[in-house]
Amino acid sequence: MSLNGRARQCQSGSDLGAPNEPTVVFDSPPTAEDLTSVPSQRGSSFLEETIAGLSRSPRSLPCKFFYDERGAQLFQKICELPEYYITRAELQILRRHGGEIAAALGAQIELIGLGTGAGTKTRILLKKLREPAVYVSIDISKEQLRKSTARFRKLFPKLQLLPVTADYLEPFDLPLPRRVSSRSVVYFPGSTIGNFKPNAATEFLRRLVDLCGHDGGLLIGVDLQKDKGVIEAAYNDRHGVTAQFNLNLLERANRELGADFDLNNWRHRAIYNSDEGRVEMYLISECDQSVYLDGRPFQFAAGEKILTEYSYKHTPEGFAAVAGRAGFEFKRIWTDDAGLFGVFCFAVASSM
Ligand code: AVJ
C-alpha cells in the first residue's frame, strides 16, 4: 500500500502560466458545502475566444462554451435521444461488466472523477468497487457537485468525499489530506476525450499520468469507430435537439456578449469525416449576413461554416496507441453488445 501523501499538480502543456492557487485543506470530512474551488487563471474569456474564433479562417468556436445552464440541459436531453447511443452504451458496459472492472482496478482505491456531472455513471462504478477509500470529484459546475456530493454521502457513508470545483483543462491541485488508499485511478467517462485531436489527447493524458502517479490507473470511456450512418444520425437527431444545442452557442453569445446573431439565418449540420475518424459539427450561414459583436461587424457569406466541435471516434488499437504515447499501458477494454463504445482500463507504465 502506498500513501497518496503529496500534492500532485496536474500540469497542462508547456504554454502554462502560473499554477493555480493552493487548494483548501480539509481536516475533517468535508460537508457538501466545503467545496474546494480552484479558480481558473489562464482561461481566456468567452468574449475573447469568440472574437478570436470568428476572426480565424476557417472560423471556429471552442466546444467548451456549449455548457452554460441551457446547454447543459440540452446535453442532458441529447443523452436520452434514441439516436444518441453513447450514454446508453456506456451505462450498459458499467452495469454488465462492473464486477470485472472493479477487479481490474483493485480494492481500497482512490477514484478521481473528471467532469462526472450528475454522477450517474460514477455511482454505478462506486457500487461495484471493493471498499473504495476516497472519491475526489472534479467538475466545473458547483451546483452539480454539491448535489452529487450530498447524494453520495448518504449512499457511501464510509467513503471519503473530496469535491473540487475546477476546470480540469487547467492546472489544478488535489485537496489534502486524503485517506490512505492502495492506488489512484482517474475516471474519465462520457467520451469527452473525443473532443481532443489525437496529439492533444496524448498531451492531456500525460497530465493524468502525473495526477494519478506511480502505480496509478485510468478508466476512460471512448466512442469507437463505426458505420457513418449510425454516427451521423446520433449527431443530427430527428427532433433537432443537437441542432438546438449547437445553436445555443450563438444564443449564448447574444445573451452574454450582446451579439446579434439572427437564429433564423443559421443551421446545424454534423458530418462524419471517416478519413480523420471524427464528427465535425458546424453552424452554417444561410445567407450573406453581418453580425455585430463587441462593436465590430463580422461578415458571413451564404454557406459559410463555423466549426463548433470535433468528436473523435477511435479504434481500440488506435486509442491504446494515443494513451501509450502518454505513458499509459493498455490493460483491458470492455464494450457494449453492439461494439459501439469502449471502456478502457490503463495502468501507468512502469519506467523500470
Ligand atoms: C460530451 C463531447 C462526448 O461528442 O458526443 C453530443 C458532445 N456534441 N452531441 C459528443 C456532443 C453533440 C459529446 N461529448
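These figures come from a predicted structure and were not determined experimentally.

The rules behind each value
Residues numbered from 1 in each chain as written. Predicted model: local features only at pLDDT ≥ 70, side-chain atom pairs only at ≥ 80, totals over all residues. Heavy atoms only, no water. Patch = residues over 30% accessible without salt bridge, like charges linked within 9 Å, V, L, I, M, F, W, Y side chains within 5 Å. Areas by Shrake-Rupley, 256 points an atom, 1.4 Å probe, with all protein chains shown as cover. Salt bridge = Lys/Arg side-chain N within 4 Å of Asp/Glu carboxyl O. Lys, Arg positive; Asp, Glu negative; His and termini not counted. Charge placed at Lys NZ, Arg CZ, Asp CG, Glu CD. Helix = DSSP H or I, 4+ residues; strand = E, 2+ residues; numbered from the N terminus. Phe/Tyr/Trp six-rings, centres within 6.5 Å; stacked < 30°, edge-to-face > 60°. Buried < 20%, exposed > 50% of the residue type's maximum accessible area, 1.4 Å probe, protein only. Near = heavy atom within 4 Å. Polar contact = N/O pair within 3.5 Å; in protein donor to acceptor, adjacent residues only side chain to side chain. Nonpolar A, V, L, I, M, F, W, Y, C, P; charged D, E, K, R; others polar. Axes fitted to C-alpha atoms, helices over the stretch in contact; angles between N-to-C directions. Parallel < 35°, antiparallel > 145°, perpendicular 65-115°, else oblique. Left-handed = near helix turned anticlockwise from the far one by under 90°. Contact = heavy atoms within 4.5 Å. 1 Å grid on protein atoms, 1.4 Å probe; cavity = no way out; pocket = protein on both sides within 12 Å on 5 of 7 lines; lining within 4 Å. Points joined across faces, edges and corners; volume = space filled by probe spheres on them. Pairing = 2+ DSSP bridges. Right-handed = clockwise from strand over helix to strand, strands pointing away. Core = buried A, V, L, I, M, F, W, Y, C linked by side-chain atoms within 4.5 Å.

1. Some details on a positive patch on the surface
So, point 1. Taken together, the side chains of Arg123, Lys127, Lys147 and Arg151 define a basic patch exposed on the protein surface.
So, point 2. Secondary-structure elements contributing two or more residues to the positive patch are helix H4 (120-128) and helix H5 (142-155).
So, point 3. For Arg151, the position within the fold is in helix H5.

2. A few points about the packing of aromatic side chains
So, point 1. Scanning all chains against the criterion turns up 23 aromatic pairs.
So, point 2. Where Tyr168 meets Phe204, the ring centres are 6.2 Å apart and the plane angle is 55°; that geometry is what we call tilted. Taken together, the residues Tyr168 in the loop between strand E6 (160-165) and strand E7 (172-173) and Phe204 in helix H6 (residues 198-212) connect sequence positions 36 residues apart. A single burial state applies to Tyr168 and to Phe204, both of which are buried.
So, point 3. Aromatic pair Phe328 and Phe346: ring centres 6.1 Å apart, planes at 45°, arrangement tilted. Taken together, the residues Phe328 in strand E15 (residues 328-335) and Phe346 in strand E16 (residues 341-348) connect sequence positions 18 residues apart.

3. Considering the site of the ligand
So, point 1. Around the ligand sit 14 residues, and of these Tyr84, Gly190, Tyr235, Glu309 and Ser311 come closest.
So, point 2. Take Tyr235: an N or O atom from its side chain is 2.5 Å from an oxygen atom of the ligand.
So, point 3. In the complex, 97% of the free accessible area of the ligand, which totals 350 Å², lies under the protein chains.
So, point 4. Across the shell around the ligand, the residue classes break down as eight nonpolar, five polar and one charged.

4. Section: the packing of H4 against H5
So, point 1. Relative to each other, H4 and H5 sit at 20°, their axes nearing to 12 Å. Judged by the inter-axis angle, H4 sits roughly parallel to H5. Viewed along their axes, H4 and H5 form a crossing whose handedness is right-handed. Counting all contacts with H4, which are made through Thr122, Arg123, Leu126 and Lys127, the residues of H5 involved are Arg151, Phe152 and Leu155.
So, point 2. In terms of residue class, the contact of H4 with H5 is built from three nonpolar, one polar and three charged.

5. A short note on the layout of surface pockets
So, point 1. Looking at the second largest pocket, its volume works out to about 180 Å³.
So, point 2. Lining of the second largest pocket is provided by Gln108, Leu126, Lys127, Leu129, Glu131, Pro132, Ala133, Phe156, Lys158, Leu159 and Arg179.
So, point 3. For the lining of the second largest pocket, the per-class residue count stands at six nonpolar, one polar and four charged.

6. A short note on the pairing of strand E9 (residues 217-223)
So, point 1. Counting buried positions over the seven residues of E9 gives seven, a clear majority of the element.
So, point 2. Residues of E9 alternate between two faces, with Gly217, Leu219, Gly221 and Asp223 on one and Leu218, Ile220 and Val222 on the opposite face, all of them buried.
So, point 3. As paired elements, strand E8 (residues 184-188) and E9 share four bridges and run parallel to each other. Looking across to E9, one finds that Val186 is bridged to Leu218.
So, point 4. With H6 bridging E8 and the parallel E9, this β-α-β connection has right-handed handedness.
So, point 5. Bridge count between E9 and E16: seven bridges; the pairing is antiparallel. Paired with Gly221 across the two strands is Val343, which belongs to E16.

7. Notes on the sheet that holds strand E14 (residues 305-312)
So, point 1. Overall, mixed pairing links the four strands, which are arranged E3-E14-E11-E10 in an open sheet. This sheet does not close on itself; its edge strands, each paired only once, are strand E3 (59-60) and strand E10 (266-273).

8. Structural notes on the nonpolar core
So, point 1. Judged by nonpolar contacts, the single largest core of 63 residues is most densely connected at Ile101, Leu111, Leu219, Phe261 and Trp266.
So, point 2. For Ile101, the residues in contact, after removing those within four places along its chain, are Ile93, Leu94, Leu125, Leu219, Trp334 and Val343.
So, point 3. Core analysis: the second largest hydrophobic core is formed by 35 residues, Leu162, Tyr168, Ile193 and Phe328 among them.

9. Side note on unusual backbone geometry
So, point 1. Ser57 connects to Pro58 through a cis peptide bond whose omega is -5°.
So, point 2. Inspection of the secondary structure puts Pro58 in the loop between helix H1 (46-55) and E3.
So, point 3. At Glu131, a position not held by glycine, the phi torsion is positive, near 40°.
So, point 4. The topology assignment puts Glu131 in the loop between H4 and strand E5 (134-139).
So, point 5. For Asp215, which is not glycine, the phi torsion reads 70° and is therefore positive.
So, point 6. Along the chain, Asp215 falls in the loop between H6 and E9.

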